[in-house]
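# Structure assessment
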Protein chains: 2
Amino acid sequence: MNDEQRLKAAGLKATVPRLKILEILQAREGQHLSAEDIYKILLENQLDVGLATVYRVLTQFEAAGLVARHRFEDGHAVFELDQGEHHDHLVCTRCGRVEEFLDPVIEERQRRIADEAGFRITHHQLYIFGLCSDCQDKG
Amino acid sequence: MNDEQRLKAAGLKATVPRLKILEILQAREGQHLSAEDIYKILLENQLDVGLATVYRVLTQFEAAGLVARHRFEDGHAVFELDQGEHHDHLVCTRCGRVEEFLDPVIEERQRRIADEAGFRITHHQLYIFGLCSDCQDKG
DNA sequence: ATGATAAAGAGAAGGCGTCTCATTTGAATG
DNA sequence: CATTCAAATGAGACGCCTTCTCTTTATCAT
Ligand SMILES: [Mn+2]
Ligand SMILES: [Mn+2]
Ligand SMILES: [Zn+2]
Ligand SMILES: [Zn+2]
């Protein structure tokens with residue numbers, strides 16, 4: 001399935017901004033990009049896309065399950081492609097380094113906790129903040 | 001230890017705004033209040049405190065370990081007294097209901113994950129989002 | 001190709017939080 | 001208790017990320 005088909009499968013028209021943003025996210029898997037980051041990349045590639053469009057498209061992608069939105073410590077959102085395989089994050093509060101992990105035990109426990117509270121889970125966020133090995137040395 | 005002593009122990013002068021905000025938080029344990037909420041409560045009590053002061057004090061309280069700051073789904077921060085006993089949250093995305101929980105297994109797993117990645121944990125955030133039992137019925 | 005409709009671009013507007021600066025307050029001192 | 005001065009406050013301006021509004025443009029079914 002190509003990008004155009006992926007968008008249509010999500011109920012979205014295959015427009016130039018959407019295709020380009022999807023392309024950018026695919027080319028940078030593992031990274032966590034802000035809307036502004038993506039906007040700048042578009043401009044660098046001679047693409048006249050409005051910042052508002054970037055925000056709109058990312059929100060639509062999120063609703064369609066194509067991307068995940070995260071709010072690490074500082075408040076402004078970052079995005080990454082959601083390839084079906086969920087993961088959580090370790091974030092260094094000094095240098096911003098991000099490590100990804102997946103712990104089946106934690107995932108299972110969460111389901112159980114929600115179950116006991118009568119909640120039907122839609123999603124969750126687990127961010128572990130701290131200092132990475134490099135930053136522990138640098139004080 | 002009374003409130004005045006608690007503030008001084010945290011290296012903060014015992015000022016009227018600080019004492020009142022601490023009092024409000026204590027009177028509403030279990031709730032999660034925004035800066036605006038606290039500001040309104042102060043005004044209702046004939047206390048002329050600026051909103052900027054509320055933000056400043058809450059940030060100082062957070063740094064001193066007196067309160068915990070959370071960012072549930074919508075982005076704006078809420079605060080609660082930090083009584084030493086950490087807990088995490090289940091949040092209903094429809095009605096805003098919040099349930100608190102503490103899972104020793106999850107806590108332990110987090111320490112282990114951080115350890116293996118060489119991170120020194122400072123804190124973490126775990127929010128489970130979904131629909132509470134009431135909201136599942138109402139569609 | 002044409003038309004109906006969704007989407008985009010530009011910039012204004014919104015909302016939460018922070019900063020600035022003149023004024024007041026706390027608490028240490030005499 | 002009066003004095004003193006750094007620390008804290010109040011008011012409002014400001015900043016930043018994000019969303020909204022409105023007109024123009026592009027997509028896609030026919
Ligand atoms: Mn990630
Ligand atoms: Mn809580
Ligand atoms: Zn680091
Ligand atoms: Zn609910």
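Above this text sits the structure in question.
This write-up is about the structure you can find in this document. Residue numbers run consecutively from 1 along every chain, following the written order of its sequence. By the order in which they are written, chains take letters starting at A while ligands take numbers starting at 1. Only residues with pLDDT of 70 or above have their local features reported here, since the model is predicted, and side-chain atom pairs are shown and tallied only from 80 upward, although totals for entire chains, interfaces and linings are computed over all residues. For the side-chain quantities, the full set of heavy atoms in the structure was used; hydrogens and water were omitted.

## Looking at the coordination of the zinc ion (ligand 3)
All names here are of chain A. The protein atoms that coordinate the zinc ion (ligand 3) are Cys92 (SG), Cys95 (SG), Cys132 (SG) and Cys135 (SG), at distances of 2.2 to 2.4 Å. Only N, O and S atoms count as donors, using a 2.8 Å limit from the metal and a wider 3.2 Å limit for Na, K and Ca, and since water is excluded some coordination spheres may look unfilled. Metal sites are grouped by the angles between bound donors: all angles between 85 and 135 degrees with four donors is tetrahedral, opposite donors over 155 degrees apart with the others between 65 and 115 is square planar for four donors and octahedral for six, and any other pattern is irregular. For the zinc ion (ligand 3), the four donor atoms in the first shell make angles of 104 to 113 degrees at the metal, so the coordination geometry reads as tetrahedral. In terms of primary sequence, the donors binding the zinc ion (ligand 3) are separated according to C-x2-C-x36-C-x2-C. Residue cysteine 95 is located in the loop between strand S3 (88–92) and strand S4 (98–101), and its partner cysteine 132 is located in the loop between strand S5 (120–131) and helix H6 (133–137); the two are separated by 37 residues in the primary sequence. Owing to a relative accessible area of 46%, cysteine 95 belongs among the partly exposed residues under this scheme. By definition, any uninterrupted DSSP run of H or I lasting at least four residues is a helix, any uninterrupted run of E lasting at least two residues is a strand, and each is numbered from the N terminus. Each residue gets one of three labels from its accessible area relative to the maximum for its type: buried under 20%, exposed over 50%, partly exposed in between, using a 1.4 Å probe on protein chains only.

## Re unusual backbone geometry
Even without being a glycine, Gln46(A) presents a positive backbone phi close to 60 degrees. The exposure class assigned to Gln46(A) is exposed, which follows from its relative accessible area of 69%.

## A look at helix H5 (residues 104–117) of chain A
For H5(A), which comprises 14 residues, the first-to-last C-alpha distance of 20 Å matches the rise-based estimate of 20 Å (1.5 Å per residue) to within 8%. Regarding H5(A), the residues found buried are Ile106(A), Glu107(A), Gln110(A), Ile113(A) and Ala114(A). In an axial view of H5(A), the angular spread of the buried residues amounts to 125 degrees, which keeps them on one side of the axis. Turned more than 90 degrees away from the buried face of H5(A), the exposed residues are Pro104(A), Asp115(A) and Glu116(A). Turning to H5(A), the residues buried within the fold contact S3 and S5 of chain A together with strand S3 (88–92), strand S4 (98–101), helix H5 (104–116) and strand S5 (120–131) of chain B. Here a polar contact means two N or O atoms within 3.5 Å. Within protein one must be a hydrogen donor candidate and the other an acceptor candidate, and residues neighboring in sequence count only if both atoms are side-chain atoms. Regarding H5(A), its N-cap is Asp103(A), as a side-chain oxygen of that residue lies 2.8 Å from the backbone nitrogen of Val105(A) further along. Gly118(A), located one to two residues past H5(A), shows a positive phi value of around 80 degrees. Expected span, for any helix, means 1.5 Å times one less than how many residues it has. Picture the helix axis, draw a direction to every C-beta atom, and the arc is the one those directions span. A contact between two residues is defined here by any heavy atoms of the two lying within 4.5 Å.

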